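Spelled out, the chains give:
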Amino acid sequence: MADAVTMVDVLEARRRIGSLIHRTSLSQSAALTQRTGQPILLKNEHQQLTGSFKLRGATNAVLALSDDERRRGVAAASTGNHGRALAHAAKAAGSRAVICMSSLVPANKVEAIKALGADARIIGMSQDDAQVEVDRLVREEGLIEVPPFDKAEVIAGQGTLGLEIVEDAPALDAVLVPLSGGGLIAGVALAVKTLSPKTRVIGVSMERGAAMVACLAAGKPVMVEELETLADSLGGGIGLENRHTFSMVRELVDETILLTEREIAAGIAHAYNEEREVIEGAAAVGIGAILAGKFAPAGPTAVVLSGKNIDMGVHGQIVAGTHPVFGELA
Ligand SMILES: *Cc1c(COP(=O)(O)O)cnc(C)c1O
């Protein structure tokens, strides 16, 4: 591919965004280490500014714009965390952000984006509907699209997270990464495989609407129905015109794992009860995979906790065991 993302791009991203993001910690989970007999390390990226890793890619993309582009402003269709991150990044760079999202996005995420000074627009029932409005803004109003995952600067920005993991734990057997559009895992896998080729990179998604896993099985980007899930930040398709993440995931990711809603809920509850951390469903899939026995650690393993932006009413129900997922629905 002519404009393939490389390790040089990841290092360049780190130089650009270093002063605007947190370098998050990698901490050992006593509970999961005891349970599995292998060191389990948590990458605490839910403690990132704006509450998710998406700030890395969004900040790198905004800082890579020309002065003229920055003046026109940026736009994105987002399930929430990317929109929030892009709003934050645009404000920090003195630019304007228009964030388009579907009506499936939880109200707390919409409010957070408005509070960051961005123009938040609710369009339709899916990521694809929101995308139509972004296309219009680009065409008719000259805004610059910063998509949530399929853009070189975004992937390189997310790769800085992988760089930090390898710096803090050079001899990992595996890294578990939440997987949706694949920007996070593509960037992380690029950095990890470059610096530590033997480390396995494993993607974890929900059973309900795992777009990238369906595309890998089909051998090409395909349409996947978006369903309601506790891992709402993992919803949405990868785009039929996918340029980067599909081929990168196919090349760099060793394995994928799918979780039920109840297994995701168990990850959220474990994070709270054992680690004393509030994380969202998308961020809980690595822990969920270990607890469900769907991933059996064979050596030191890092687990990416990717975000904390969960509706606290839902979180309370999960921790109390009263969420519908624990009943006959599961
Ligand atoms: C976006 C997101 C993901 C998935 O990232 P992709 O780059 O789309 O694969 C995982 N966790 C959280 C919290 C997210 O916001």
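Residues numbered from 1 in each chain as written. Predicted model: local features only at pLDDT ≥ 70, side-chain atom pairs only at ≥ 80, totals over all residues. Heavy atoms only, no water.

Examining the pattern of salt bridges
Evaluation of the coordinates by the stated rule reveals 20 salt bridges. Salt-bridge contacts for Asp 168 lead to Arg 23; the nearest nitrogen and oxygen are separated by 3.0 Å. With Asp 168 in helix α8 (residues 152-168) and Arg 23 in the loop between α1 (7-17) and β1 (26-28), this residue pair connects regions lying 145 residues apart in the sequence. Look at Arg 23 and you get partly exposed, because its relative accessible area is 43%. Across the salt bridge formed by Glu 133 and Arg 121, the nearest N and O atoms sit 2.8 Å from each other. Taken together, the positions of Glu 133 in helix α7 (residues 127-141) and Arg 121 in strand β5 (residues 119-122) put the pair 12 residues apart, joining distant regions of the chain. You can call Glu 133 buried: its relative accessible area is 14%. Overlapping salt bridges bring together Asp 119, Arg 121, Glu 133, Arg 136, Arg 139, Glu 140 and Glu 141 as one network. (Salt bridge = Lys/Arg side-chain N within 4 Å of Asp/Glu carboxyl O. Helix = DSSP H or I, 4+ residues; strand = E, 2+ residues; numbered from the N terminus. Buried < 20%, exposed > 50% of the residue type's maximum accessible area, 1.4 Å probe, protein only.)

Description of the environment of Ala 90
By the element assignment, Ala 90 lies in helix α5 (residues 81-92). Excluding residues that lie within four positions of it along the chain, Ala 90 makes contacts with Val 62, Val 74, Ser 95, Arg 96 and Ala 97. (Contact = heavy atoms within 4.5 Å.)

Side note on the nonpolar core
Counting residues in each nonpolar core, the largest one holds 41 residues, and the members touching the most others are Val 175 and Val 177. Every element with two or more residues in this core is listed here: α1, α8, β7 (174-178), α9 (183-195), α10 (211-218), α11 (245-252) and β10 (301-305). Ranked by the residues each element gives to this core, the list is headed by α9, at 8 residues. Not counting the four nearest positions on each side in its chain, Val 175 is found in contact with Ile 165, Val 188, Val 192, Thr 199, Arg 200, Val 201, Ile 202, Ala 302 and Val 304. Residues Leu 32, Ile 287, Ile 290 and Ile 318 belong to the second largest nonpolar core, which totals 32 residues. (Core = buried A, V, L, I, M, F, W, Y, C linked by side-chain atoms within 4.5 Å.)

Brief notes about the site of the ligand
The local shell around the ligand holds 17 residues, among which Lys 54, Asn 81, Gly 182, Leu 184 and Ser 306 are the closest. In the model, an oxygen atom of the ligand is placed 2.8 Å from a nitrogen or oxygen of the Asn 81 side chain. Take Ser 306: an N or O atom from its side chain is 2.6 Å from a nitrogen atom of the ligand. For the ligand, the accessible surface in isolation is 380 Å², of which the surrounding protein chains cover 98%. (Near = heavy atom within 4 Å. Polar contact = N/O pair within 3.5 Å; in protein donor to acceptor, adjacent residues only side chain to side chain. Areas by Shrake-Rupley, 256 points an atom, 1.4 Å probe, with all protein chains shown as cover.)

Focus: the domain arrangement of the chain
Each domain of the chain was delimited in the assignment, giving domain 1 (7-53 + 151-326) and domain 2 (55-145). Facing the 33 residues of domain 1 at the interface are 21 residues of domain 2. Of the roughly 2,300 Å² buried at the junction of domain 1 and domain 2 (both faces included), carbon and sulfur atoms supply 55%. The tally of links from domain 1 across to domain 2 stands at 2 salt bridges. One can count 13 residue pairs in polar contact (both at pLDDT 80 or more) joining domain 1 with domain 2. Contributing elements (two or more residues each) for the side of domain 1 that touches domain 2: α1 and α8. Looking at which element gives the most residues to the side of domain 1 that touches domain 2, the answer is α8, with 8 residues. Here the side of domain 1 that touches domain 2 is composed, by residue class, of 11 nonpolar, 12 polar and 10 charged. (Domains from an automatic or database assignment. Buried area = accessible area lost by both parts, 1.4 Å probe. Nonpolar A, V, L, I, M, F, W, Y, C, P; charged D, E, K, R; others polar.)

Thoughts on the packing of α1 against α8
Between two packed helices, the angle of one axis relative to the other and the distance separating the axes together describe the packing. The geometry of α1 relative to α8 is characterised by a closest axis approach of 8 Å and an angle of 90° between their N-to-C directions. Here α8 runs roughly perpendicular to α1, going by the angle between their axes. On α8, the residues that touch Met 7, Asp 9, Val 10, Leu 11, Ala 13, Arg 14 and Ile 17 of α1 are Ala 156, Gly 157, Gly 159, Thr 160, Leu 163, Glu 164 and Glu 167. (Axes fitted to C-alpha atoms, helices over the stretch in contact; angles between N-to-C directions. Parallel < 35°, antiparallel > 145°, perpendicular 65-115°, else oblique.)

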